[in-house]
Amino acid sequence: QVQLVESGGGLVQAGGSLRLSCAGSGRTFGSYVMGWFRQAPGKEREFVAAISWSGLKTSYADSVKGRFTISRDNAKSTVYLQMNSLKPEDTAVYYCAAKTTWNSITLPTITQEYDYWGQGTQVTVSS
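Cut-offs applied
Residues numbered from 1 in each chain as written. Predicted model: local features only at pLDDT ≥ 70, side-chain atom pairs only at ≥ 80, totals over all residues. Heavy atoms only, no water. Helix = DSSP H or I, 4+ residues; strand = E, 2+ residues; numbered from the N terminus. Rg over C-alpha atoms; globule rule 2.2 N^0.38 Å. Disulfide = S-S within 2.5 Å. Phe/Tyr/Trp six-rings, centres within 6.5 Å; stacked < 30°, edge-to-face > 60°. Lys NZ or Arg CZ within 6 Å of the ring centre and 35° of its normal. Core = buried A, V, L, I, M, F, W, Y, C linked by side-chain atoms within 4.5 Å. Buried < 20%, exposed > 50% of the residue type's maximum accessible area, 1.4 Å probe, protein only. Contact = heavy atoms within 4.5 Å. Pairing = 2+ DSSP bridges. Axes fitted to C-alpha atoms, helices over the stretch in contact; angles between N-to-C directions.

### Thoughts on the overall build of the protein
Reasoning step 1: Secondary structure assignment for the protein yields zero helices and 11 strands.
Reasoning step 2: When its helices and strands are written in sequence order, the protein yields β-β-β-β-β-β-β-β-β-β-β.
Reasoning step 3: Against the globule reference of 14 Å for 127 residues, the protein gives a C-alpha radius of gyration of 14 Å, in line with a compact fold.
Reasoning step 4: Seen through its C-alpha atoms, the protein measures out along the principal axes to roughly 40 × 25 × 25 Å.

Written as structure tokens, this is what we have:
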């Protein structure tokens, strides 16, 4: 069983920055593909970013490309999402997710492809 706990959310003005963290449990955290998703009120959960187990490969949604950066520290079993130049439309609950086995060249971007989820952290961007 993998447990994921997000932190770092909060209220920020447009143009500001936040860094989200996701701490994971399990001895093999370093072998998981990790992803970040978000869900705004009344909308479906959407893909934000993903990172390979090594950290060498990343993938981003077009809406956050160039503003958000995903990274990981396997020694700390933690994945991060650095969010810069935040916009009001980035307001959502942000979730991290883990995919324990993944053999494709492309990283998973669909919610159903992930095995474990955190409880989410709220990010609110004021205009």
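### Brief notes about the state of the cysteines
Two cysteines form a disulfide when their sulfur atoms are joined by a covalent bond.
Reasoning step 1: Tallied over the entire structure, the rule returns one disulfide.
Reasoning step 2: The partner cysteine of Cys 22 in its disulfide is Cys 96, sulfur to sulfur 2.0 Å. Taking the sign of the S-S torsion, 45° for the link of Cys 22 and Cys 96, the bridge is right-handed. Taken together, the residues Cys 22 in strand S3 (residues 18-24) and Cys 96 in strand S9 (residues 92-99) connect sequence positions 74 residues apart.

### Side note on the packing of aromatic side chains
Reasoning step 1: Evaluation of the coordinates by the stated rule reveals five aromatic pairs.
Reasoning step 2: One aromatic cluster is present, formed by Phe 37, Phe 47, Tyr 114 and Trp 117 through successive ring pairs.
Reasoning step 3: One cation-aromatic arrangement involves Arg 45 over Tyr 95; the distance from NZ or CZ to the ring centre is 3.7 Å.
Reasoning step 4: Against the face of Trp 117 rests Arg 45, its NZ or CZ located 4.9 Å from the ring centre.

### Digging into the nonpolar core
Reasoning step 1: One finds Met 34, Trp 36, Leu 81, Met 83 and Tyr 94 to be the most contacted residues of the largest nonpolar core, which totals 35 residues.
Reasoning step 2: When near neighbours in sequence (up to four residues on either side) are disregarded, Met 34 contacts Leu 4, Cys 22, Phe 29, Ala 49, Ala 50, Ile 51, Ile 70, Arg 72, Val 79, Ala 97, Ala 98 and Tyr 114.

### Some remarks on the side chain of Thr 121
Reasoning step 1: Note that Thr 121 resides in strand S11 (residues 121-126).
Reasoning step 2: Setting aside residues up to four positions removed in sequence, Thr 121 forms contacts with Glu 6, Ser 7, Gly 8, Gly 9, Leu 20, Ala 92, Val 93 and Tyr 94.

### Re the environment of Arg 27
Reasoning step 1: Structurally, Arg 27 is set in the loop between S3 and strand S4 (33-39).
Reasoning step 2: Through-space distance from the C-alpha of Arg 27 to that of Val 2 is 9.3 Å; in sequence the pair is 25 residues apart.

### What to know about unusual backbone geometry
Reasoning step 1: For Ser 77, which is not glycine, the phi dihedral falls at a positive 50°.
Reasoning step 2: Tracing the sequence through the fold places Ser 77 in the loop between strand S7 (68-73) and strand S8 (78-83).
Reasoning step 3: Despite not being glycine, Ser 85 has its phi angle at roughly 50°, a positive value.
Reasoning step 4: With respect to the helices and strands, the residue Ser 85 is situated in the loop between S8 and S9.
Reasoning step 5: You can call Ser 85 partly exposed: its relative accessible area is 41%.

### Here we look at the sheet that holds S8
Reasoning step 1: Overall, antiparallel pairing links the four strands, which are arranged S1-S3-S8-S7 in an open sheet. Because the sheet does not close on itself, it has two edges, and the strands there are strand S1 (4-7) and S7. On average, each strand axis in the sheet is tilted by 15° relative to the strand beside it, whichever way the strands run.
Reasoning step 2: Relative to S8, S7 runs antiparallel, the two being bridged by six bridges. Its bridge partner lying in S8, Ile 70 is registered against Leu 81.

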